[in-house]
Amino acid sequence: MPIDLTFTDETVARIGRRPEALIPILQALQDHYGYLPEAALRRVCETTEITPAALTGVASFYDMFRHTPVGRHLLRVCVGTACHVAGANHIEDELRRRLHIPAGGDTDPDGLFTIERVACLGTCTLAPVVKFDQTTLGHVTVDSIEGRVREQVELAKRKSAAKSTEELLPHQNVPGQTEIHVGLGSCCMAKGSDQLFHALRESAALSGSQVIVKRVGCVGMCHRTPMVEVTSPGRPGVYYSDLTPAHATTLVQRYLRPRSLSQRARHWGTRLLDALLVDEVAGTGRIEQCAVGQRDPDLRAFFGKQQRIATEHFGRLDPLDLDEYLSHGGFAALARCLGKGNLGLATEMSIESLAGGPSSAALAPNAIIALLEQAGLRGRGGAGFPTGQKWRVTAAQSGDVKYVICNGDEGDPGAFMDRMILESFPFRVIEGLAIAAVAVGAREGVFYIRHEYPLAVKRVRRAIEQLEQRGWLGGGPADGFSLKLSVFEGAGAFVCGEETALIASIEGRRGMPALRPPFPAERGLWGCPTLINNVETLALVPWILRHGAAKFAAIGTAQSKGTKVFALAGKVRRGGLIEVPMGTTLREIVEEIGGGVGPGRRFKAVQIGGPSGGCVPARLADTPVDFESLGAVGAIMGSGGLVVLDDTSCMVDIARYFLQFTQDQSCGQCTFCRIGTKRMLDILDRLCTGKATRANLDELERLAAQVGAGSLCGLGKTAPNPVLTTLRYFRDEYEAHLAGHCPAGQCAALIHYTINTDCTGCTLCAQHCPVDAIPMTPYARHVIDDAKCTRCDTCRQVCPYDAVDVK
Amino acid sequence: MSETFTITIDQQPVTVTAGDSVLTAARKLGLDIPTLCYLEKCGPLHTCQVCLVKWNGKLVPSCGTKVAPGMVIESETGEVHEARRTALELLFSDHVGDCLSPCQRLCPLWLNIPAMLRQIEAGRLDEAITTVRAALPLPAVLGHLCHHPCEQGCRRGHWDDPAAIRNLEKFVTDQDFAKSEPHLPARQPATGRKIAIVGAGPTGLAAAYYLTRNGHAVTVLDRRAQPGGSLRDVPEDRLPAASLDAELTLLKRLGVEFQSKVELGGPMPLADLAQNFNAVLLAVGELKPGEGDALGVTLAGASIKADPHSCLTSMPKVFAAGSVVRAQKQLVRALAEGRAAAECMHRFLSGEPARRPEKPFSSLMGRLDPAEVRAFLLQAGHSGGRVSPCDACRGHTPAEAALESSRCLHCDCRSSGNCALQHYAQVYGADANRFRGERRPFEQQLQPGGIIFEPGKCILCGICVKLTELAREELGLTFIGRGFDVRLGAPFNHTIEDGLRRVAAECVKACPTGALVFKENLPPAPHAPPQSPPPSDSGDASTRPR
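### Side note on the overall build of chain A
Logical step 1: Along chain A, the regular secondary structure elements total 33 helices and 20 strands.
Logical step 2: Relative to the globule expectation of 28 Å for 807 residues, the C-alpha radius of gyration of chain A, 27 Å, shows essentially globular dimensions.
Logical step 3: Its C-alpha atoms give chain A principal-axis dimensions of about 85 × 80 × 65 Å.
Logical step 4: Considering only residue pairs separated by 6 or more positions, chain A has 72% of its internal contacts joining residues 24 or more positions apart.

### Some details on the domain arrangement of chain B
Residues and elements named next belong to chain B.
Logical step 1: Per the domain assignment, the segments making up chain B are domain 1 (4–93), domain 2 (102–181 + 365–405), domain 3 (194–349) and domain 4 (420–543).
Logical step 2: Between domain 1 and domain 4, the residue contacts involve 20 residues of the former and 24 residues of the latter.
Logical step 3: Classifying every residue of the side of domain 1 that touches domain 4 by side-chain character gives 12 nonpolar, four polar and four charged.

### Let's talk about unusual backbone geometry
All names here are of chain A.
Logical step 1: With omega at -5 degrees, the peptide bond leading from R516 into P517 counts as cis.
Logical step 2: With respect to the helices and strands, P517 occurs in the loop between α21 (499–506) and β13 (530–534).
Logical step 3: For the peptide bond that leads from P517 to P518, omega is 0 degrees, which places it in the cis range.
Logical step 4: Take P518: it is sitting in the loop between α21 and β13.

### As for the interface of chain B and chain A
Logical step 1: Taken together, the 33 residues of chain B in the interface contact 32 residues of chain A.
Logical step 2: For the side of chain B that touches chain A, the secondary structure elements donating two or more residues are β4 (58–61), α2 (78–93), α16 (463–470) and β15 (478–480) of chain B.
Logical step 3: Ranked by the residues each element gives to the side of chain B that touches chain A, the list is headed by α2 of chain B, at six residues.
Logical step 4: In terms of residue class, the side of chain B that touches chain A is built from 18 nonpolar, 12 polar and three charged.

### What to know about the sheet that holds strand β8 (residues 235–240) of chain A
Sheet strands line up and pair through hydrogen bonds in the backbone, either parallel or antiparallel.
All names here are of chain A.
Logical step 1: With mixed pairing, five strands are arranged side by side in an open sheet as β6-β5-β7-β8-β9. The outermost strands of the open sheet, each flanked by one partner alone, are β6 (212–216) and β9 (291–292).
Logical step 2: Relative to β6, strand β5 (residues 179–183) runs parallel, the two being bridged by five bridges. Across the sheet, V182 pairs through a bridge with R215, a residue of β6.
Logical step 3: Against the sheet, helix α9 (residues 193–206) touches β5 and β6, its axis set at about 160 degrees to β5.

### A look at the pairing of strand β1 (residues 73–78) of chain A
All names here are of chain A.
Logical step 1: As paired strands, β1 and strand β2 (residues 113–118) are joined by six bridges and run parallel to one another. If you follow L75 over to β2, its bridge partner there is I115.
Logical step 2: Across three bridges, β1 lies against strand β3 (residues 130–132) in antiparallel orientation. Paired with L75 across the two strands is F132, which belongs to β3.

### Section: the confidence of the model for chain A
Residues and elements named next belong to chain A.
Logical step 1: Averaged over chain A, the pLDDT score is 89; the fraction of residues at 70 or greater is 91%.
Logical step 2: Within the model, pLDDT remains below 50 along residues 278–283, and this stretch shows eight contacts once partners closer than five positions in the same chain are excluded.
Logical step 3: Taken together, the stretch residues 344–359 has pLDDT below 50 and engages in 25 contacts with residues farther than four places along the chain or on a different chain.

### Digging into the nonpolar core
Logical step 1: In this structure, L200 and I435 of chain A are the most contacted members of the largest nonpolar core, which totals 312 residues.
Logical step 2: Here this core gets 11 residues from one element, more than from any other, and that element is helix α19 (residues 426–440) of chain A.
Logical step 3: Counting the residues that make up this core, at least three belong to each of domain 1 (4–93) and domain 4 (420–543) of chain B.
Logical step 4: When sequence neighbours within four positions are dropped, the list of residues in contact with I435 of chain A reads A333, L334, C337, I368, V541, P542 and L545 of chain A.

### Quick word on the sheet that holds strand β17 (residues 614–617) of chain A
Residues and elements named next belong to chain A.
Logical step 1: Taken in spatial order, the five strands of this open sheet run β15-β14-β18-β16-β17, and their pairing is mixed. Each edge of the sheet is formed by a strand with only one pairing partner; in this case those strands are β15 (576–581) and β17. This sheet shows a mean twist of 30 degrees between the axes of neighbouring strands, independent of strand direction.
Logical step 2: Both strand β16 (residues 603–608) and strand β18 (residues 641–646) contribute to a ladder of five bridges, which runs antiparallel. When the sheet's bridge partners are listed, V606 is paired in β18 with V644.

### Some remarks on the confidence of the model for chain B
Residues and elements named next belong to chain B.
Logical step 1: Residues at a pLDDT of 70 or more form 95% of chain B, whose mean pLDDT is 91.
Logical step 2: Contacts for the low-pLDDT stretch residues 522–544, under 50 throughout, to residues beyond four places or in other chains number 40 contacts.
Logical step 3: Reported confidence for the predicted complex is 0.91 by ipTM and 0.90 by pTM.

### Some words on the packing of helix α18 (residues 417–424) of chain A against helix α20 (residues 454–469) of chain A
Residues and elements named next belong to chain A.
Logical step 1: Two elements in contact, α18 and α20, have axes separated by 8 Å at closest approach and are oriented at 35 degrees. Crossing handedness for the pair α18 and α20: left-handed. Only L455, A456, R459 and V460 of α20 make contact with α18, whose side of the interface consists of R419, L422 and E423.

How each quantity is defined
- Each chain carries its own residue numbering, running from 1 in the direction its sequence is written.
- Throughout, the order in which chains and ligands are written sets their labels, letters from A for the former and numbers from 1 for the latter.
- Residue-level local features of this predicted model are given only where pLDDT is at least 70; pairs of side-chain atoms are given and counted only at 80 or more, and the full residue set underlies all totals for whole chains, interfaces and linings.
- Going along the chain from the N terminus, every DSSP run of H or I of four or more residues is numbered as a helix, and every run of E of two or more is numbered as a strand.
- Between the two quantities, the radius of gyration covers C-alpha atoms and the globule rule is 2.2 Å times the number of residues to the power 0.38.
- Once C-beta atoms have been placed from the backbone, residue pairs whose C-beta atoms lie within 7 Å are recorded as contacts.
- Throughout, the edges of the domains are those of an automatic or database domain assignment.
- Residues are grouped as follows: nonpolar covers Ala, Val, Leu, Ile, Met, Phe, Trp, Tyr, Cys and Pro; charged covers Asp, Glu, Lys and Arg; every other residue, Gly included, is treated as polar.
- Being paired, for any two strands, means DSSP has found at least two bridges between them.
- In this description, a line fitted to the C-alpha atoms serves as the axis of each element, helices being fitted only across the stretch in contact, and the angle between N-to-C directions of two axes falls anywhere from 0 to 180 degrees.
- A score between 0 and 100, pLDDT records how confident the predictor is in each residue.
- Under the definition applied here, buried Ala, Val, Leu, Ile, Met, Phe, Trp, Tyr and Cys residues are grouped into a nonpolar core through C-beta atoms within 7 Å.
- Whether a residue is buried, exposed or partly exposed is read from the other C-beta atoms within 10 Å of its own C-beta, which are placed from the backbone; 20 or more gives buried, 12 or fewer gives exposed, and intermediate counts give partly exposed.
- Here a crossing is called left-handed whenever its near helix is offset anticlockwise from the far helix by less than a right angle, and right-handed whenever the offset is clockwise.

Now the structure itself:
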């Protein structure tokens with residue numbers, strides 16, 4: 001079927017004809033056609049300065065680009081760390097089986113479903129996760145996945161797509177009003193917060209109540225979402241967790257403040273009825289069991305050790321309410337850097353008070369940088385390079401054109417801090433980037449955000465638009481400050497988190513890192529001095545300027561100042577988004593904040609820093625989180641992914657998982673990374689299938705050291721870390737694999753499922769087995785056909801009598 | 001004028017200009033840092049990572065690292081060499097193709113058989129005899145007696161019959177000897193060194209051949225009336241005396257001096273010989289018990305004891321090889337022992353430690369599956385079975401020989417001997433099998449314009465990609481994909497040739513391996529690989545990377 005190229009021509013006309021338009025053009029084409037038709041690509045080459053070689057190279061480099069048509073529904077199976085340890089591969093197997101997707105292909109014969117693996121969707125606390133078109137399905141199981149997919153297909157047929165929460169205008173602030181804050185980050189929404197939000201608004205509108213239902217960012221306690229906080233003047237906030245839309249009316253009525261006696265009576269009547277209701281009636285679900293008091297031990301433990309700087313006012317601010325941000329000290333730091341009034345801010349009063357009076361002069365770039373140096377701020381992207389020094393080098397470069405870039409290409413599987421910050425505090429990150437621009441002398445800035453984070457992209461774009469509408473961004477007032485900000489969507493490549501690869505990507509090329517030096521601070525985007533900072537780093541900057549360097553430096557340890565945001569996920573009871581002072585120990589994070597591992601399980605290790613990081617064993621859990629201490633145990637701080645592993649996690653499998661990841665994500669440029677990681681993976685594959693020899697193991701260790709030493713960029717240099725740390729702390733597990741045994745019972749080739757004598761013949765396992773490996777024999781002990789068994793673990797999970805053994 | 005300053009590489013100061021690379025600086029010092037992806041015109045691509053050096057405790061590619069005042073670089077150290085070797089070994093772990101054909105690897109004398117066959121096929125017999133004599137001493141004799149282990153390894157044999165390599169070699173030699181002035185191999189300039197070889201049997205004659213070619217003055221002493229040793233005992237129907245005599249005549253023409261009826265011991269003790277010559281080789285064949293007692297060298301049983309690596313006996317300057325050390329059952333192996341001894345002695349006389357020649361490096365593809373054999377068959381000129389000469393004939397006619405030669409699959413690499421990857425693998429003693437695992441299938445893209453592209457040999461250096469970009473090729477070449485699966489290709493599934501409308505010749509020339517070659521580039525011209533000295537199997541052990 002010939003392709004209609006009108007859209008292609010329009011896209012080129014809209015986006016541009018220069019080589020750097022390539023990735024946005026491809027994204028638009030893919031969005032429109034569902035894949036990249038060759039005819040369209042050839043047309044792009046004919047009508048732009050983009051060469052066929054550049055186009056082919058780029059279109060084949062980034063994960064998001066498809067070259068074959070996509071089925072009616074796109075199923076994206078997240079294979080991030082948390083999802084992996086939660087059995088993502090079994091979910092994929094089951095989907096392929098049930099949806100008849102052939103091996104080696106990605107679409108079923110009827111063209112209904114296309115399946116894709118995604119490196120990480122950044123919704124780790126919901127693991128394992130599958131994204132059905134635009135809907136995220138969390139906590140899926142082998143048993144439930146088919147039903148949930150079919151349910152989505154039905155929903156799609158009825159076209160009852162969920163209403164967006166993004167088009168909402170910020171509510172009007174009315175002092176003294178009761179507010180219901182609904183967390184609307186990606187994870188919250190995946191668990192139905194958006195539906196809850198609409199239900200609450202409808203209930204509030206129907207009851208004529210004065211309760212304000214407010215959209216806020218991430219609430220942190222992902223394990224309890226959908227979660228709301230109700231704030232009333234003069235009273236402590238009350239949380240309600242695990243809510244459904246069915247609870248909406250009850251919740252609104254509870255906080256309705258009836259004016260007249262009759263209204264009050266009706267209200268009490270309703271509450272009484274509510275209490276008596278046994279069955280859930282639409283919109284009037286009981287909420288008592290959902291209430292979480294401030295003294296709730298779960299809540300206290302989760303929040304007790306936390307300190308919010310990058311995520312200041314978390315769960316309170318509407319991400320896109322500029323005035324609310326201003327009323328909470330927003331842009332005061334930037335105003336201080338510019339001298340008062342430069343922004344023509346509507347809330348000048350508050351800024352003046354914070355900036356030290358109406359006559360305060362602009363803070364010199366040097367002084368801004370000095371403040372960061374005094375604060376001891378180090379980059380939160382992973383390596384911990386002193387931020388002030390980076391700014392100083394960039395500022396010192398001559399040249400009129402400089403750039404600032406916010407690195408939001410959070411690619412570590414198992415990490416979602418930057419997504420959450422961008423989704424919840426877009427103005428704060430923009431302010432941080434604007435201050436950076438002032439300090440280094442840049443007039444253009446770019447937000448590089450991975451496309452897997454559509455909500456973050458949307459919110460940052462909306463935030464920039466609002467600032468442009470007020471004339472603070474874009475044009476630039478006559479008195480000097482002018483900053484043009486844009487958003488560049490990544491196209492799916494972990495390596496683009498490396499700053500030189502990120503620059504290559506913005507310039508429309510394959511994301512292949514360059515040799516440093518020269519550093520981007522000297523020669524970056526378009527050959528100009530460029531400052532690149534991570535999202536969290538930038539989010540900390542306004543706080544430091546408002547509260548002073550000393551206050552920031554007072555938090556944390558000698559070498560690592562301030563706080564660190566972590567995405568806590570994996571085998572932990574209370575997963576979520578946390579911010580703790582540097583120096584907090586891993587044990588405090590896992591056991592106090594996270595509530596430890598599940599019942600009956602043993603805490604084994606923490607994977608910190610993703611594919612560049614390492615596994616810290618439980619016996620070293622008292623290691624404080626700071627750059628030096630983590631480095632000393634062989635891990636790295638990384639960007640903040642923290643995946644807890646218990647005794648059901650196989651450490652060899654974890655190492656294999658990360659090597660699989662880096663090998664897949666390697667740009668393929670240098671020998672050590674392209675082939676070295678593959679050869680390491682070969683050996684790990686042999687280990688996980690019981691085929692490795694001792695010589696292989698020795699070679700793995702030797703090669704790991706050489707790949708680390710010989711690779712060109714940080715990706716390759718750190719790729720061996722997961723192997724080296726597991727070898728260091730869990731050599732016994734490697735030894736066991738050499739002997740053909742997987743102690744954690746994870747490596748499919750080395751384990752067998754059997755049913756013991758506790759079996760009552762209830763047939764549950766047989767009913768749930770996805771591959772019919774268990775014949776149904778009511779009232780008799782069941783038997784598993786080992787040849788058919790895929791080790792998906794479903795039988796063990798459904799068995800009520802603990803009759804399934806894994807050996 | 002650009003700023004100049006001094007940096008230090010391996011403790012040696014070198015003056016450099018700002019903007020120079022560390023590689024340039026090292027080359028100023030005469031250091032042979034290996035490079036595969038570096039071509040000055042393209043600038044540093046830093047993909048191959050074999051030019052690593054150590055700077056500030058870190059390994060960095062020297063091609064892309066700019067000099068800085070006060071820089072201290074380590075280059076020729078064990079650690080750096082190990083990293084470079086590992087890079088080479090990783091490249092070979094994903095390298096689909098053999099440098100040398102199995103037949104050449106199985107030949108104890110490493111005759112470049114595919115080259116010989118291509119020359120016969122093309123009717124260039126003068127080149128074929130050069131190829132033969134470059135490797136073989138006494139080829140006329142071998143043509144009759146060799147047990148041809150080469151033919152066992154011939155990949156054509158996996159399909160129908162192996163190529164008749166031994167008979168074709170005989171054909172080449174016979175044709176040459178039939179000429180009024182047979183081919184005389186080239187000799188190195190005279191060294192002024194004198195060598196005595198005791199024993200004119202196969203090992204002694206072979207050693208004499210190689211040593212004479214190396215420019216040494218060789219005298220062969222033998223107790224028999226005629227040189228030839230045990231070869232004189234072979235019946236005429238198996239080895240015509242005329243063939244042996246023709247080879248002896250050639251040796252004399254080369255300058256080898258023969259002294260017959262001379263017995264070691266008595267009036268001519270070994271010690272005297274050792275005094276009068278710069279080196280002595282004992283190649284007297286198997287000793288009977290007691291025969292060697294009076295020689296004055298240490299024995300092991302009846303045999304002379306010689307170091308297996310250096311061929312040196314207990315007496316200084318005296319070497320021993322062949323059956324006198326260990327009984328040799330096969331002629332070709334006895335000749336190979338003679339070559340080994342010659343190499344040891346040549347090194348010894350050049351002031352280096354005596355050492356046997358290195359086995360030539362080769363990437364190893366292992367067994368081919370039938371589909372791969374079929375791909376190779378496309379190259380063979382003749383699809384039928386072996387072409388044998390008629391019973392009454394003494395050997396192949398030129399037409400028959402050409403047809404039989406055309407059965408060769410050319411499973412060697414067209415760039416062998418002209419390949420930087422192979423060269424440095426040899427220099428660094430790389431183990432092509434260190435990371436052996438599953439390999440990709442062999443693939444050969446024969447392009448209508450005469451380019452052959454073998455994706456499995458591409459190391460993704462990026463030189464051709466860059467050259468097409470610089471030349472503003474209409475299509476050009478690009479990297480396709482990511483990670484381990486990155487491949488070189490032309491856009492939109494065009495052929496490689498489509499991407500190389502302007503710079504095909506330049507890209508073929510610059511390709512550091514055999515991934516891009518011209519089909520007519522037969523045989524590979526034995527010249528130096530790009531920017532590096534020629535491969536040498538007589539390298540100095542002391543400069544050899546550790």
